[in-house]
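# Observations on chain architecture
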Amino acid sequence: MKKGSHIRVRGQVQGVGYRPFVWALAHKLGITGSVLNDPEGVLILAYGSALDAFTAVLSEQAPPLARVDAVELSDHLFAETPSDFVIAPSTGEGAKTRITPDAATCDQCFAEILDPNDRRFGYAFANCTHCGPRFSIINGVPYDREKTTMADFPMCAECAEEYADPADRRFHAQPVACANCGPRCWREVNGVEEQGDAIAATAEGLRRGEIVAIKGLGGFHLACDARNPDAVARLRERKHRPAKPLALMGPLDTIRRHCRLSPDEEARLQDPAAPILLLEKISDDLPEAVAPGQTVLGWMLPYTPLHHLLIDTFGGPLVMTSGNLSGEPQVIGNEEASEKLGRFADAFLMHDRQIARRLDDSVERITAAGPMVLRRARGQVPETLPLPQTFADAPQTIAYGGQMKGAICLVKDGLALLGHHLGNLDDALTYEAFLQADRDYAELFAHDPVLAACDLHPEFAATRHAEASGLPVEYVQHHHAHMASCLGENLWSGDAAVGIVLDGLGLGPDNTVWGGEILVGDYGSVERAYYLRPAPLPGGDQAQSEPWRNAVMRLDQSGHAAFADSLFADRPVETLRRAAAAGFNAPPSSSAGRLFDAVAACLGYCPGRQSFEGEVAMRLEAQAQGQNAGDSYRFAIEGRQIDPGPMFDELVFDIESGVSDAMIAARFHRGLAQAFAGAARCAADEAETRTIALSGGCFQNRVLTEMVVEELSGYDVLVHRKVPANDGGLAFGQALVAIARHMDRQ
Ligand code: ZN
Ligand code: ZN
Ligand code: FE
């Protein structure tokens, strides 16, 4: 018997070129034996004199898309000395096999498509084990070409050779393709395919000011020349999208000309996840209509060869906004695109690889407190999240999330899988996508839940779906779920923590509407320690879209009814007051989001309706950005209530004195941060904890987040990084709360 090593590698190590990496390393170091994929990950049996060096490299290095959780070492006895190092056939069912997210074009593939001597020169669908489509093309498991939308494209001899060669970068790359055998793209105008170079013609059209619908990785975009004010205006007009910021795509040096870029931001843009990153503007060269009233722009790098070739040929930045009808999800099918986007687009850049599931572009930003995810989708799902140790034996659980930013979450094997952003479940097509996600994830991850979690709100589509699942249902209060999601992603396990949850709206256990909360507790239960003094939410849903309604209620409440009268003279203020006084469709609400709306309305932002959720809050943040507040507005603490009354006294005074919007916005942000941080410190001292978690949609606001973190210095402040602070992260928190309660009962 010959003594060698048994090396177990766990993590995201399949479908990412891990075996060829091991194979090449073994050959370099003269190691013999084998490597294979099995349900646990990768298993290596190794023999040779350089075993120490071999295992050291395995612990320290990995291919770009691999995520190694553990390298476990034990002895292995070989009956006879292995003569070679081989990649052995996979064993077992791939139940634990992780599916990787889609990854942006790697440097090597990028170099190849620009190299006239390479056989993939100019090829829009080049990819390898280090990059390319993954989750967006997968129809089933195990992850083989036949179970992807690449099944339509049999490999040519040359591609097959690369696929079979362990020394090749395309060894077992399921989507491997070239111009001879793979997908192709074409330009289409009025339903007719044009002959010739589709990318050159598309670039030419964009230069002429065309709006082009472009089929990408996870869906269609609508694109136009970002430097052309007419084109941008036309795009907004056709899409009926007056103000919501448009995403941009361009190469790094272009982005650097328009926005400040820290090293962290630069690295994040270049990550294989290739998210849209919100970056601070430093020039006004692009038309204001790209992001009206904003101090940040959302940029992404080209992330597929098609995008690279197009940007390269076009030679400038493009607006790349999602191709959809208002309120509907992004379009993914060619026919659907012709039907729905035809009215917006002058031309199409189509391709013939099907998109298995819609994946929007992810959106992130980096603050002084670290990176944060605003929308979790392409490039990030289905990466799993580790759970706190106390959840190691958690039963398989499914959580269905909220209503506005639908996303589901699966828990299995001590890991959570927070699904991709779906959108507002009020929309029928989005709800269909929600049902598809539920079926899809269950199949892809061999998930067999014994427990379902959802929001307390009985009218949410996700809640009703949970109730129809036949599983025991755990109802989780909205802001408890937010807090738990932040605790969980920070792997917190302790006796008690404080949560500052500043949010839009969520149903409280007392049947009022919550949203400006300081909670104390743990995963299983919380108590409401402090909360924003409630004001009526007049008109229910209308109060969300019409900021002035909230302003009237808050001004009345703080003794400034006359000011409200003069400010909103053209609005039905009296009708609103009568309804609120009669308690008709005006539930009391402690929402912090609506407080932002009230303040913004006092400054005259969006006098009618907001054109998108969070519009006025974003404008308020943009005003406060970079402004030194000097002093801050004061909130009063009355028992358990945080009263913004004194704040409105000062606000009204400042407005009447002609103080700038920027100063008013900064003082409001600072005052809100101080009030909630102060109350949270009291709550932490009472509960004898040092941990304070920040969650809820308002913490997408960079200015607010940085101020609250600053006001809490000396405490262990937990912030979101990979799980959205907004309702897109709700399902993750719901799952943890449901599991904690379930395990408590056991
Ligand atoms: Zn590549
Ligand atoms: Zn080929
Ligand atoms: Fe929320």
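Above: the structure in question.
Per-chain numbering applies: the sequence of each chain, read as written, is numbered from 1 onward. Whichever chain is written first is A, and whichever ligand is written first is 1; the rest continue in order. Thresholds applied to this predicted model are a pLDDT of at least 70 for local features of residues and 80 or more for the giving and counting of side-chain atom pairs; totals over whole chains, interfaces and linings are not thresholded and use all residues. Side-chain numbers here rest on the full set of heavy atoms in the structure, without hydrogens or water.

### Digging into the coordination of the iron ion (ligand 3)
Every protein donor of the iron ion (ligand 3) is listed here as His478 (NE2), His482 (NE2), Asp503 (OD), Asp503 (OD) and Asp727 (OD), and their distances to the metal cover 2.0 to 2.7 Å. Coordinating donors are taken to be N, O and S atoms lying within 2.8 Å of the metal, or within 3.2 Å when the metal is Na, K or Ca; because water is excluded from the atom set, some sites may appear incomplete. Coordination of the iron ion (ligand 3) draws on donor residues from a single chain, spaced H-x3-H-x20-D-x223-D in sequence. Of this pair, His482 sits in helix 13 (residues 478-489) while Asp727 sits in the loop between strand 31 (716-718) and helix 23 (730-745), and the two are 245 residues apart along the sequence. Across this residue pair, the class does not change: His482 and Asp727 are buried. Put simply, DSSP H or I for four residues or longer makes a helix, DSSP E for two residues or longer makes a strand, and each gets a number counted from the N terminus. Each residue gets one of three labels from its accessible area relative to the maximum for its type: buried under 20%, exposed over 50%, partly exposed in between, using a 1.4 Å probe on protein chains only.

### Observations regarding the packing of aromatic side chains
Stacked, tilted and edge-to-face pairs are distinguished by plane angle, under 30 degrees for stacked and over 60 for edge-to-face with tilted covering the rest, among Phe, Tyr and Trp rings (Trp via its six-membered ring) whose centres lie within 6.5 Å. A complete count under the given rule lists 11 aromatic pairs for this structure. The interplanar angle of 65 degrees and the centroid separation of 5.7 Å between the aromatic rings of Tyr123 and Phe125 together place this pair among those described as edge-to-face. No difference in accessibility class separates Tyr123 from Phe125, as the two residues are buried. Centre to centre, the rings of Phe596 and Phe668 are 5.0 Å apart; their planes meet at 80 degrees, and the pair counts as edge-to-face. Residue Phe596 is found in helix 18 (residues 592-602), and its partner Phe668 is found in helix 21 (residues 661-687); the two are separated by 72 residues along the sequence. Each member of the pair, Phe596 as well as Phe668, carries the same accessibility label: buried.

### Comments concerning the sheet that holds strand 21 (residues 451-455)
Note on pairing: DSSP must find at least two bridges between two strands before they are called paired. If you trace the six strands from one edge of the open sheet to the other, you get 17-20-19-18-21-22, paired in mixed fashion. Each edge of the open sheet is held by one strand with a lone partner, namely strand 17 (385-386) and strand 22 (473-476). Examined bridge by bridge, strand 18 (residues 397-399) and strand 19 (residues 409-412) share three bridges and lie antiparallel to one another. The partner of Thr397 across the bridge, within strand 19, is Val411. Should any heavy atoms of two residues lie within 4.5 Å, those residues are counted as being in contact. All axes are obtained by fitting lines to C-alpha atoms, using only the stretch in contact for helices, and the reported angles, taken between N-to-C directions, cover 0 to 180 degrees. Against the sheet, helix 23 engages strand 17, strand 18, strand 19, strand 20 (415-418), strand 21 and strand 22, with an angle of about 130 degrees to strand 21.

### Observations concerning the coordination of the zinc ion (ligand 2)
All of the protein donors around the zinc ion (ligand 2) are Cys156 (SG), Cys159 (SG), Cys178 (SG) and Cys181 (SG); their distances to the metal are 2.2 to 2.4 Å. Relative to the metal, the four donor atoms surrounding the zinc ion (ligand 2) lie at angles of 101 to 118 degrees, and the coordination shape comes out tetrahedral. Overall, the relative accessible area of 0% leaves Cys159 in the buried class. Only four donors with every angle between 85 and 135 degrees are called tetrahedral; only four or six donors with opposite donors over 155 degrees apart and all others between 65 and 115 are called square planar or octahedral, in that order; all others are irregular.

### Quick word on the nonpolar core
By size, the foremost hydrophobic cluster in this structure holds 69 residues, and its most contacted members are Ile500, Ile518 and Phe668. Ranked by residues supplied to this core, first place goes to helix 21 with 13 residues. We call a set of buried Ala, Val, Leu, Ile, Met, Phe, Trp, Tyr and Cys residues a nonpolar core when their side-chain atoms join them within 4.5 Å.

### A closer look at the pattern of salt bridges
Any carboxyl oxygen of Asp or Glu within 4 Å of a side-chain nitrogen of Lys or Arg constitutes a salt bridge here. Applying the stated criterion to the full structure yields 49 salt bridges. Glu204 serves as the salt-bridge partner of Arg207, at 2.8 Å between the closest nitrogen and oxygen. With a gap of three residues between them, Arg207 and Glu204 both fall in helix 5 (residues 198-207), about one helical turn apart. Of the charged contacts in the structure, one is a salt bridge between Asp346 and Arg234, with a shortest N-O distance of 4.0 Å. Here Arg234 lies in helix 6 (residues 229-239) and Asp346 lies in the loop between helix 10 (334-341) and strand 14 (347-351), a separation of 112 residues in the sequence. What makes Asp346 partly exposed here is its relative accessible area of 29%. By relative accessible area, which is 27% here, Arg234 ends up partly exposed.

### Some remarks on the sheet that holds strand 3 (residues 41-47)
Ordered by their spatial adjacency, five strands build an open sheet running 4-1-3-2-5, and the pairing between neighbours is mixed. The sheet is open, and its two borders are formed by strand 4 (67-78) and strand 5 (85-87), each paired with just one other strand. Here the strands of the sheet are splayed against their neighbours by 15 degrees on average, with no regard to which way each runs. Judged from the five bridges that link them, strand 1 (residues 2-12) and strand 3 form a sheet pairing that is antiparallel. Bridging from a neighbouring strand, Ser5 pairs with Ala46 of strand 3. The strands touched by helix 1 (residues 18-29) within the sheet are strand 1, strand 2 (32-38), strand 3, strand 4 and strand 5, with strand 5 carrying the most contacts at an inclination of about 170 degrees.

### A short note on helix 20 (residues 645-656)
Multiplying one less than the number of residues by 1.5 Å gives the expected span of a helix. End to end, helix 20 covers 17 Å across 12 residues, agreeing with the expected 16 Å (1.5 Å per residue, within 8%). Among all positions of helix 20, only Gly645, Pro646, Met647, Phe648, Leu651, Val652 and Asp654 are buried. Buried residues along helix 20 sit against helix 15 (547-557), helix 16 (561-567), helix 18, strand 28 (636-638), strand 29 (641-643) and helix 21. Just downstream of helix 20 lies Gly658, where phi reads positive at about 75 degrees.

### Some words on the pairing of strand 19
What you see with strand 19 is no split at all: Cys409 and Val411 on one side and Leu410 and Lys412 on the other are buried throughout. Between the end of strand 19 and the start of strand 20, which pair antiparallel, lie two residues, with Asp413 showing a positive phi angle near 55 degrees.

### Here we look at the packing of helix 13 against helix 23
Between two packed helices, what matters for the description is the angle formed by their axes and the separation of those axes. Following both chains from N to C, one finds helix 13 and helix 23 inclined at 90 degrees, their axes separated by 7 Å at the closest point. Classed by the angle they form, the pair helix 13 and helix 23 counts as roughly perpendicular. Counted together, His478, His480, Ala481, His482, Ala484, Ser485, Gly488 and Glu489 of helix 13 and Leu730, Phe732, Gly733, Gln734, Leu736, Val737 and Arg741 of helix 23 form the full contact between these two elements. In the scheme used here, Gly and all other residues not listed as nonpolar or charged are polar, with Ala, Val, Leu, Ile, Met, Phe, Trp, Tyr, Cys and Pro taken as nonpolar and Asp, Glu, Lys and Arg as charged. Split by residue class, the contact of helix 13 with helix 23 holds six nonpolar, seven polar and two charged. Note on terminology: angles under 35 degrees are roughly parallel, angles over 145 are roughly antiparallel, angles of 65 to 115 are roughly perpendicular, and the others are oblique.

### Observations concerning the environment of Gly191
Tracing the sequence through the fold places Gly191 in the loop between strand 6 (185-189) and strand 7 (192-193). Once the C-alpha coordinates of Gly191 and Ser338 are considered, the two residues, 147 residues apart in sequence, prove to be 7.3 Å apart.

### Overview of empty space enclosed by the protein
Cavity means a closed set of points on a 1 Å grid over the protein atoms alone, one where a 1.4 Å probe fits but cannot get out, pocket means an open set with protein on both sides within 12 Å along at least 5 of 7 lines, and lining means a residue has an atom within 4 Å of a point. Grid points are joined across faces, edges and corners, and a volume is the space filled by probe spheres set on the points. The full count for this structure, using the stated rule, is six cavities of 30 Å³ or more. The calculated volume of the largest cavity comes to roughly 110 Å³. In terms of lining, the largest cavity is formed by 15 residues, of which the most central are Pro133, Leu217, Thr304, Pro305 and Arg353. Its residues placed into classes, the lining of the largest cavity shows nine nonpolar, four polar and two charged.

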